[in-house]
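Observations on chain architecture
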Amino acid sequence: MRMHWWQSIRWRLALGSVSIVLLATIIMAVAAILTIAHYYSNEQNLGLAASADTSADDIGRNYAQHGVLSFPTGIRRPGLPSKGLIVDTHGENYLFLIFSQNNRLVNPTFNQLVALNPQNRLLWAEIIRNVRLGVHNKGNATVISVSEAVRKAQQGEVIPGEIGSRSLFGLVSRPFIAVPIRSGGVATSLVVGVLLMEPLPAANNTLPQFVSESWQVVLRISIIVAILAALAAIFFARTITRPLSKVTEATRVLTSGDYSARVLTNAAGELGELAHNFNDMAAQLQRDVEELRKQELWRRELIMSITHDLATPLTAIAGLGEALVDGVNQSREDYEETGRVIVRETLRLRRLVKDLHMMAKVEAGALVPQRKPVRLAPLVDEVMAVFVTEFER
């Protein structure tokens, strides 16, 4: 029987194990990515709020001292706040827009903003126009959301929100925040402007560096784990299928008529027990076959002996019958002797038939033979009497 490779239990077990491992690895990888994305989004929102609050206070104090809505020139920041980009102490890049009290974009210039985020040129142009004109219900959902946030921030509220759809299959948010700028950085002072901030990856609709690196690390680890698990699954499958293949090969040899086939394996557990039971079965089958062969040999010898035993009295009866026909016997004594021999040989034939019937019962198990003493003298006399006529002829 021809069997395809995918029908082999070895490959089915290996592929099944590998599939389960891959599924578990994928689930773990997805869980890790979800966890990373969730905690990063929370940390990103908290970092954005803290950075926006600090930046608004710095701008408010600079405005109280110099009357300009900009970052103080002496502030220590790793980025360049005057060009629309802030880099916080954790290395996170934030895009910022400063609107004056009369809703004019003060810092950065539109060209600087577009240089940092060129793909959203039209979006920023529409947001700046709506803020300047005081229109908060015109444009797409993102334009309306940002414009409304700036309007509420002008009234002293801190408004967080999200720009556009989330990235990484909706796992990573794209937040922004609008914070009122108060003169002198004092919470009770007048609002002199609005600071709009957004993480630069969110503005560019790209994955943050941390999430991107984490995704790559998780992906690499998942691939390595999947490969190692697949190799382990294949090795584990071989420990099960190798003894089975040996049993299969042994049964094939046994089917061909070689009853000396045995399974040689050191497998433990059920597979070892299977191999041991197969060897016991093969040994018993070999003994039974040898016994059947012996019985067949004995049967042939028995048939030959019975044929000879039947032929002897028949030959004697035939010879005596021919003598009677030919008129060899002249006296009454000769006729009587011939009759006695014929009767004796006939009884012998009847006894042989009876013995055959009895042997058939013994082989069928219907009769159990019992040993009894036999007198040899009468048996020898009977045999000699059979051959007398042969000798005389």
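A brief report on the enclosed structure follows. Throughout, a residue's number is its position along its own chain's written sequence, starting from 1. With the structure being a predicted model, the display of local features is reserved for residues of pLDDT at least 70 and the display and counting of side-chain atom pairs for 80 or more, all residues being used for whole-chain, interface and lining totals. Side-chain measures here rest on the full set of heavy atoms in the structure, leaving out hydrogens and waters.

The next subject is helix H3 (residues 121-133). The helix and strand labels rest on DSSP assignments: H or I over at least four residues marks a helix, E over at least two residues marks a strand, and numbering proceeds from the N terminus. Expected span, for any helix, means 1.5 Å times one less than how many residues it has. For H3, spanning 13 residues, the distance from its first C-alpha to its last is 18 Å, which sits close to the expected 18 Å at 1.5 Å a residue. Partly exposed residues are those whose accessible area sits between 20% and 50% of the maximum for their type, while under 20% is buried and over 50% is exposed, using a 1.4 Å probe and protein chains only. Taken together, the buried positions of H3 are occupied by Leu123, Trp124, Ile127, Ile128, Asn130 and Val131. End-on, the buried residues of H3 take up no more than an arc of 165 degrees, which puts them together on one face. Across H3 from its buried face, at more than 90 degrees, point the exposed residues Leu122 and Leu133. Only heavy atoms enter the contact rule, under which two residues are in contact if any of them lie within 4.5 Å. Packed against the buried residues of H3 are strand S2 (93-100), strand S3 (105-107), helix H2 (110-116), helix H4 (141-154) and strand S6 (191-199). Of the residues one or two after H3, glycine 134 is the one with positive phi, at around 75 degrees. Directions pointing from the helix axis toward each C-beta atom define the arc.

Residues Arg104, Arg129, Arg132 and Lys138 make up a contiguous surface patch of positive charge. Among the structural elements, lysine 138 can be located in the loop between H3 and H4. For lysine 138, a relative accessible area of 51% corresponds to the exposed category. What makes a patch is a set of residues exposed beyond 30% relative accessible area and free of salt bridges, joined within 9 Å when like-charged and within 5 Å when nonpolar (Val, Leu, Ile, Met, Phe, Trp, Tyr). Exposure was quantified through the Shrake-Rupley algorithm and a 1.4 Å probe, taking into account, for residues, occlusion by the shown protein chains and nothing else. A side-chain nitrogen of Lys or Arg and a carboxyl oxygen of Asp or Glu constitute a salt bridge if their distance falls within 4 Å. Under the convention used here, Asp and Glu are negative, Lys and Arg are positive, and both His and the chain ends fall outside the count. For charged residues, the charge sits on one atom: NZ in Lys, CZ in Arg, CG in Asp, CD in Glu.

A few words on the packing of H3 against H4. Interaxial distance between H3 and H4 falls to 9 Å at its minimum, and their mutual angle equals 40 degrees. On the basis of their axis angle, the class for H3 and H4 is oblique. As H3 packs across H4, the resulting crossing turns out to be right-handed. Contacts between H3 and H4 involve Leu123, Glu126, Ile127, Asn130 and Val131 on the former and, on the latter, Thr142, Val143, Val146, Ser147 and Val150. Under the scheme applied here, ten amino acids are nonpolar (Ala, Val, Leu, Ile, Met, Phe, Trp, Tyr, Cys and Pro), four are charged (Asp, Glu, Lys and Arg), and all others, including Gly, are polar. Counted by class, the contact of H3 with H4 contains six nonpolar, three polar and one charged residues. Whenever a helix is involved, its axis is fitted only over the stretch in contact; in every case the axis is a line through C-alpha atoms, and angles between N-to-C directions fall within 0 to 180 degrees. Orientation labels follow simple angle bins: below 35 degrees gives roughly parallel, above 145 gives roughly antiparallel, 65 to 115 gives roughly perpendicular, and whatever is left gives oblique. Two helices that cross are described as forming a left-handed crossing if the nearer one is turned anticlockwise from the farther one by less than a right angle, and a right-handed crossing if clockwise.

Turning our attention to unusual backbone geometry. Look at the link from asparagine 107 to proline 108: it is a cis peptide, with omega at 0 degrees. Relative to the helices and strands, proline 108 is located in the loop between S3 and H2. Of note in the backbone geometry, asparagine 103 takes a positive phi value of approximately 65 degrees without being a glycine.

Okay, H4 next. Here H4 is 14 residues long and its end C-alpha atoms lie 20 Å apart, about the 20 Å a rise of 1.5 Å per residue gives. Within the sequence span of H4, burial applies to Thr142, Val143, Val146, Ser147, Ala149, Val150, Ala153 and Gln154. Take H4 and look down its axis: the buried residues cluster within an arc of 155 degrees, on one side only. Close packing links the buried residues of H4 with S2, H3, strand S4 (159-162), strand S5 (175-182) and S6. In protein, a polar contact means a hydrogen-donor-capable atom and an acceptor-capable atom, both N or O and within 3.5 Å, with residues adjacent in sequence counting only if both atoms are side-chain atoms; elsewhere, any N or O pair within 3.5 Å suffices. If you check the start of H4, you find a side-chain oxygen 3.2 Å away from the backbone N of threonine 142, and it comes from asparagine 140. Downstream of H4 by a residue or two, glycine 156 has a phi angle that is positive, lying close to 100 degrees.

Moving on: the side chain of asparagine 120. Take asparagine 120: it is sitting in the loop between H2 and H3. Taking the relative accessible area as the measure of exposure, asparagine 120 reaches 15% and is therefore buried. Within polar-contact distance, the side chain of asparagine 120 engages the side chain of asparagine 117 at 2.9 Å.

The subject of this paragraph is the pattern of salt bridges. Here the idea is simple: oppositely charged side chains can pair when their charged atoms come close. Tallied over the entire structure, the rule returns three salt bridges. Across the pair aspartate 58 and arginine 61 runs a salt bridge whose closest N-O atoms are separated by 2.7 Å. Of this pair, aspartate 58 and arginine 61 both sit in helix H1 (residues 9-66), three residues apart, which is roughly one turn of the helix. For the salt bridge of glutamate 296 with arginine 300, the shortest nitrogen-to-oxygen distance reads 3.6 Å. Separated by four residues within a single helix, glutamate 296 and arginine 300 lie in helix H7 (residues 269-326), roughly one turn from each other. Among the residues examined, arginine 300 registers a relative accessible area of 54% and is labelled exposed.

In this section: the nonpolar core. We call a set of buried residues a nonpolar core when its members are Ala, Val, Leu, Ile, Met, Phe, Trp, Tyr or Cys and they connect through side-chain atoms within 4.5 Å of each other. Counting 21 residues, the largest nonpolar core has Phe99, Trp124, Ile127 and Leu196 as its most contacted members. Those elements giving two or more residues to this core turn out to be S2, H3, H4, S5 and S6. Residues contacting isoleucine 127, with those up to four places away along its chain left out, are Val143, Val146 and Ser147. Ranked by size, the runner-up nonpolar core spans 15 residues in total, among them Leu48, Ala52, Phe71 and Leu195.

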